Amino acid sequence: MKISLISLLAAPLTALALFSAPTATADEEVAALAKIELQGAVNVRDIGGYRTYDGAKVKTKKAIRADSLEKLTASDISVLQGYNLKQAIDLRTQAEIQFSGPDKLPSGVPLVARPIDDTGLFTKLLEVIQLRDPVKQEEMLGGGKAEQIMAGVYKSFLTDASRTAFGQTIRDLANTDRPTLYHCTAGKDRTGWLTYVLLRAVGVPERTARQDYLLSNQYRAAADAKLREQVKQAGLMQNPDLLIPLQEVRDAYLDTAVREMENKYGDLGKFLTQGLGLDPGTILKLRRNLVS
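Below you will find a few notes about this structure. (Residues numbered from 1 in each chain as written. Predicted model: local features only at pLDDT ≥ 70, side-chain atom pairs only at ≥ 80, totals over all residues. Heavy atoms only, no water.)

## Topic: unusual backbone geometry
Then comes step 1: We note that Lys61 has phi near 55°; this positive angle belongs to a residue other than glycine.
Then comes step 2: Within the secondary structure layout, Lys61 lies in the loop between strand S1 (45-46) and strand S2 (63-66). (Helix = DSSP H or I, 4+ residues; strand = E, 2+ residues; numbered from the N terminus.)

## Some points on the packing of aromatic side chains
Then comes step 1: Taken as a whole, this structure holds 9 aromatic pairs when the rule is applied.
Then comes step 2: With a centroid separation of 5.7 Å and 90° between ring planes, the pair formed by Phe157 and Phe166 is classed as edge-to-face. Considered together, Phe157 and Phe166 belong to a single accessibility category, that of buried residues.
Then comes step 3: Look at Trp193 and Tyr196: their rings are 5.8 Å apart centre to centre, the planes differ by 20°, and that puts the pair in the stacked class. Of the two residues, Trp193 and Tyr196 are both situated in helix H9 (residues 190-201); the distance of 3 residues between them amounts to about one turn of the helix. Considered together, Trp193 and Tyr196 belong to a single accessibility category, that of buried residues.
Then comes step 4: Three or more aromatic residues joined by ring pairs make a cluster, and in this case those are Tyr154, Phe157, Phe166, Trp193, Tyr196, Tyr213, Tyr253, Tyr265 and Phe271.
Then comes step 5: Over the face of the ring belonging to Tyr219 we find Lys35, whose NZ or CZ atom lies 5.3 Å from the ring centre.
Then comes step 6: The ring centre of Tyr83 lies 5.4 Å from the NZ or CZ of Lys61, which sits over that ring. (Phe/Tyr/Trp six-rings, centres within 6.5 Å; stacked < 30°, edge-to-face > 60°. Buried < 20%, exposed > 50% of the residue type's maximum accessible area, 1.4 Å probe, protein only. Lys NZ or Arg CZ within 6 Å of the ring centre and 35° of its normal.)

Any link to function would need more than the numbers given here.
Dropping the structure here:
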């Protein structure tokens, strides 16, 4: 089977291989209904529909989380056109954009480049795969090293530059009168953390926000399993399952960021104000804008 490395790796190298979903909760069913079915992106969701602690509901057509949009078809673009997006915020680094390509968006939708450092995860994945050396690949990713890489990624969400980008995106969502879409490459780590914080900020219970984070495994499963099989068939990796810890979202990864947040700021409220620079008026405006 002849496959070019570029075409092989153009799909985001992120998520779970084969996912066996537990019985769906009411919140998971809400999320499933909110999934936006596209041909060129697999992890696109309207985050509306979740219940808050006080029984209110997150509004639909306000905030849309996504994976990268460079492969959207004409039909996909037509679907997004129906959402009347105010803007699309791209959290990818320049290296990711150069490799995969720029977003494809409906005409007239402003694109905001707001890169958040992935600590070199994307380029490291490419480097490991291109080695074609199973021994070195095992040395670089085996024995818990891949999990350590992911811990570093999630700790980096609390750096000054990352907090600035996350905070500005939440300000945008507080002020939007139409849907705002935000995304990274796979829509699971940077996008997942941002959505987790956003949902908790407007009063969605932690368990529900965590379920939304973990759903990336389900939505990305088929595409990423196929990618790993292609990597193996192309002779790039004897054991592509080494990539799984880098591809998954896990409770342990989210816990790493939460612990970092609590160690530095004490709790979510102080993180929102001191860490993300959101004043109480903006937080109130965010809730009024996103919650009915």
